[in-house]
Amino acid sequence: EVQLVESGGGLVQPGGSLRLSCAATGFTFSSYAMSWLRQAPGKQREGISCISSSGANIYYSNSVKGRFTIVRDVAKKTVSLQMNNLEPDDTGLYYCARPVHPVCDPLVTRTAWRDWGQGTQVTVSS
């Protein structure tokens with residue numbers, strides 16, 4: 001059974017940082033691209049980052065580019081998202097997800113996902 005378990009969310013002030021982690025089980029992690037998506041209050045889910053199976057190709061949405069960094073550890077079957085310079089608009093529920101296709105769509109906001117976790121809440125507020 002596929003399981004994606006996110007952790008690391010919390011309350012942080014604007015300009016602060018958080019590191020989200022995702023533990024993946026139930027599928028061949030090394031064969032698939034992995035992505036992070038988020039859902040802000042009252043808005044639809046939005047893809048924000050994707051990393052290829054090898055880690056060679058990485059993509060970010062314009063809203064997080066330059067501030068967030070996605071990393072995967074194939075051996076540990078984890079994917080992390082380092083979030084720096086957080087802004088109030090970053091507030092939302094963050095999900096680790098496996099895309100429908102095994103490779104990343106450079107337009108990460110348009111990515112379709114086949115699996116995602118329970119989410120971890122990120123709140124950016126002063």
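The structure under discussion appears in the preceding block.
Residues numbered from 1 in each chain as written. Predicted model: local features only at pLDDT ≥ 70, side-chain atom pairs only at ≥ 80, totals over all residues. Heavy atoms only, no water.

**Student:** An account of the sheet that holds strand β3 (residues 18–25) is needed here, citing residue identities and associated values.
**Tutor:** Overall, antiparallel pairing links the four strands, which are arranged β1-β3-β8-β7 in an open sheet. Pairing within the sheet leaves two strands with one partner each, and these edge strands are β1 (3–7) and β7 (68–73). Taking each pair of neighbouring strands and ignoring which way they run, the sheet shows an average axis angle of 15°. In this sheet, β3 lies alongside β1 in antiparallel orientation, the contact comprising five bridges. (Pairing = 2+ DSSP bridges. Helix = DSSP H or I, 4+ residues; strand = E, 2+ residues; numbered from the N terminus. Axes fitted to C-alpha atoms, helices over the stretch in contact; angles between N-to-C directions.)

**Student:** Lay out the pattern of salt bridges in plain terms, naming residues and giving numbers.
**Tutor:** Taken as a whole and judged by the stated rule, the model has six salt bridges. In this structure, aspartate 115 and arginine 98 form a salt bridge, with 2.6 Å as the shortest nitrogen-oxygen distance. Taken together, the residues span a long stretch of sequence, with aspartate 115 in strand β10 (residues 113–116) and arginine 98 in strand β9 (residues 92–99) at a distance of 17 residues. One exposure class covers both aspartate 115 and arginine 98, and it is buried. Between arginine 114 and aspartate 115 there is a salt bridge; the shortest N-O distance is 3.9 Å. Overall, the relative accessible area of 18% leaves aspartate 115 in the buried class. Salt bridges here are not isolated pairs; linked through shared partners, they connect Arg38, Glu46, Arg67, Glu87 and Asp90. (Salt bridge = Lys/Arg side-chain N within 4 Å of Asp/Glu carboxyl O. Buried < 20%, exposed > 50% of the residue type's maximum accessible area, 1.4 Å probe, protein only.)

**Student:** So what about the environment of valine 5? Which residues, and what values?
**Tutor:** As for its position among the elements, valine 5 is in strand β1. C-alpha of valine 5 to C-alpha of alanine 24: the two residues are 19 residues apart in sequence and 6.7 Å apart in space. Ignoring sequence-local partners within four residues, the contact set of valine 5 consists of Ser21, Cys22, Ala23 and Gln118. (Contact = heavy atoms within 4.5 Å.)

**Student:** A description of the state of the cysteines should follow, citing residues and the corresponding values.
**Tutor:** According to the stated counting rule, one finds two disulfides in the structure shown. In this model cysteine 22 forms its disulfide with cysteine 96; the gap between the sulfur atoms is 2.2 Å. Looking down the S-S bond of the cysteine 22 and cysteine 96 bridge, the torsion is -70°, so its handedness is left-handed. With cysteine 22 in strand β3 and cysteine 96 in strand β9, this residue pair connects regions lying 74 residues apart in the sequence. Both residues of the pair, cysteine 22 and cysteine 96, count as buried. The partner cysteine of cysteine 50 in its disulfide is cysteine 104, sulfur to sulfur 2.1 Å. With the S-S bond torsion at -85°, the cross-link from cysteine 50 to cysteine 104 turns out left-handed. (Disulfide = S-S within 2.5 Å.)

**Student:** Give a detailed account of the environment of alanine 23, specifying residues and quantitative values.
**Tutor:** Within the secondary structure, alanine 23 sits in strand β3. Separated by 19 residues in sequence, alanine 23 and leucine 4 place their C-alpha atoms 5.7 Å apart. The residues touching alanine 23, leaving out its near neighbours within four places in the chain, are Gln3, Leu4, Val5, Lys77 and Thr78.

**Student:** Give a detailed account of the side chain of serine 49, specifying residues and quantitative values.
**Tutor:** Within the secondary structure, serine 49 is located in strand β5 (residues 45–51). A polar contact is formed between the side chain of serine 49 and the backbone oxygen of tyrosine 59, at a distance of 3.1 Å. The residues contacting serine 49, other than those within four sequence positions of it, are Met34, Ser35, Trp36, Tyr59, Tyr60, Ile70, Leu81 and Val108. (Polar contact = N/O pair within 3.5 Å; in protein donor to acceptor, adjacent residues only side chain to side chain.)

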